[in-house]
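Each chain is listed here by its residues.
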Amino acid sequence: QVQLVESGGGLVQAGGSLRLSCAASGRTFSSSAMGWFRQAPGKDREFVGVIRWNGGSTYYADSVKGRFTISRDNAKNTVYLQMNSLKPEDTAVYYCARSDSGVSYPIFVRQYTYWGQGTQVTVSS
């Protein structure tokens with residue numbers, strides 16, 4: 001059974017940084033991809049970025065490109081989202097998710113099977 005547990009959210013001032021972690025349990029596949037999404041109140045869940053488990057290549061939404069970085073530690077089965085230069089509009093609940101769809105860089109919610117419980121990130125102005 002696959003479980004994803006996020007941690008690292010919190011309150012930060014604009015311009016600050018946070019690092020989110022997503023600890024994964026259960027078997028991973030070479031075609032798996034780990035994505036990060038976020039959801040602000042009253043809005044749809046939004047793609048942030050994705051990393052391929054095998055190889056570590058990444059793809060980001062334009063809104064976070066250059067500010068956010070996704071990495072992974074295979075030995076720990078953990079994926080990270082480093083968020084720098086945070087803006088108030090980055091405030092949301094952040095979710096990690098796993099896709100076994102085989103798509104190189106899945107960006108749609110429907111392409112992900114497993115989801116974490118989410119962690120709140122609040123950026124004050």
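Details of the structure are given in the entry above.
Because the structure is a prediction, the values reported are computed rather than measured.

Enquirer: Explain the side chain of Arg38 to me, please; I cannot follow it from the model alone.
Expert: Inspection of the secondary structure assignment puts Arg38 in strand E4 (residues 33-39). Given a relative accessible area of 6%, Arg38 falls into the buried group.

Enquirer: Explain the environment of Lys65 here, please?
Expert: Locating Lys65 in the fold gives a position in the loop between strand E6 (58-60) and strand E7 (68-73). Judged by its relative accessible area of 47%, Lys65 falls in the partly exposed class. Put simply, Lys65 and Val48 are 17 residues apart on the chain and 8.9 Å apart in space, counted from C-alpha to C-alpha. Within the structure, the side chain of Lys65 is placed 3.1 Å from the side chain of Asp62, a separation counted as a polar contact.

Enquirer: How should the packing of aromatic side chains be read in this particular structure?
Expert: Geometry of an aromatic ring pair is reported as the spacing of the ring centres plus the angle between the planes. Following the criterion strictly, the structure yields 7 aromatic pairs and no others. Each ring, one from Phe37 and one from Tyr112, has its centre 5.0 Å from the other, and the planes form 80°; the classification is edge-to-face. In this pair, Phe37 sits in strand E4 while Tyr112 sits in the loop between strand E9 (92-99) and strand E10 (114-115), placing the two residues 75 residues apart along the sequence. Comparing Phe37 with Tyr112 shows no difference in burial state: the two are buried.

Enquirer: Please explain the pattern of salt bridges as it appears in this structure.
Expert: Pairing between side chains of opposite charge can happen when their charged atoms approach one another. Taken as a whole and judged by the stated rule, the model has 5 salt bridges. With its nearest N and O atoms 2.8 Å apart, the salt bridge here joins Asp90 to Arg38. In this pair, Asp90 is assigned in the loop between strand E8 (78-83) and E9 and Arg38 in strand E4, connecting sequence segments 52 residues apart. Just as Asp90 is buried, Arg38 falls in that class too.

Enquirer: Any chance you could explain the state of the cysteines here in plain terms?
Expert: Should the sulfur atoms of two cysteines be covalently bonded, the bond is a disulfide. The final tally for this structure, using the stated rule, is 1 disulfide. Put simply, Cys22 and Cys96 are joined by a disulfide, and their sulfur atoms are 2.0 Å apart. With the S-S dihedral at roughly 60°, the linkage between Cys22 and Cys96 falls on the right-handed side. Here Cys22, found in strand E3 (residues 18-25), pairs with Cys96, found in strand E9; they are 74 residues apart in sequence, far enough to count as distant. Cys96 sits in the buried class, given a relative accessible area of 1%.

Enquirer: What exactly am I supposed to notice about the nonpolar core here?
Expert: Side chains of nonpolar character tend, in soluble globular proteins, to be buried together. Counting 32 residues, the largest nonpolar core has Trp36, Phe68, Val79, Leu81, Met83 and Tyr94 as its most contacted members. Of all the elements in the fold, those that place two or more residues in this core are E3, E4, strand E5 (46-52), E7, E8, E9 and strand E11 (119-124).

Enquirer: I would appreciate a short explanation of unusual backbone geometry in the present structure.
Expert: Peptide bonds are trans in most cases, and residues, glycine excluded, mostly fall at negative phi. Although it is not a glycine, Asn77 sits at a positive phi angle of roughly 50°. Structurally, the position occupied by Asn77 is in the loop between E7 and E8. Unusually for a residue other than glycine, Ser85 sits at a positive phi of about 50°. Looking at where Ser85 falls in the secondary structure, it is placed in the loop between E8 and E9.

Conventions we followed
Residues numbered from 1 in each chain as written. Predicted model: local features only at pLDDT ≥ 70, side-chain atom pairs only at ≥ 80, totals over all residues. Heavy atoms only, no water. Helix = DSSP H or I, 4+ residues; strand = E, 2+ residues; numbered from the N terminus. Buried < 20%, exposed > 50% of the residue type's maximum accessible area, 1.4 Å probe, protein only. Polar contact = N/O pair within 3.5 Å; in protein donor to acceptor, adjacent residues only side chain to side chain. Phe/Tyr/Trp six-rings, centres within 6.5 Å; stacked < 30°, edge-to-face > 60°. Salt bridge = Lys/Arg side-chain N within 4 Å of Asp/Glu carboxyl O. Disulfide = S-S within 2.5 Å. Core = buried A, V, L, I, M, F, W, Y, C linked by side-chain atoms within 4.5 Å.

So far we have only geometry, and geometry alone does not tell us how the molecule works.
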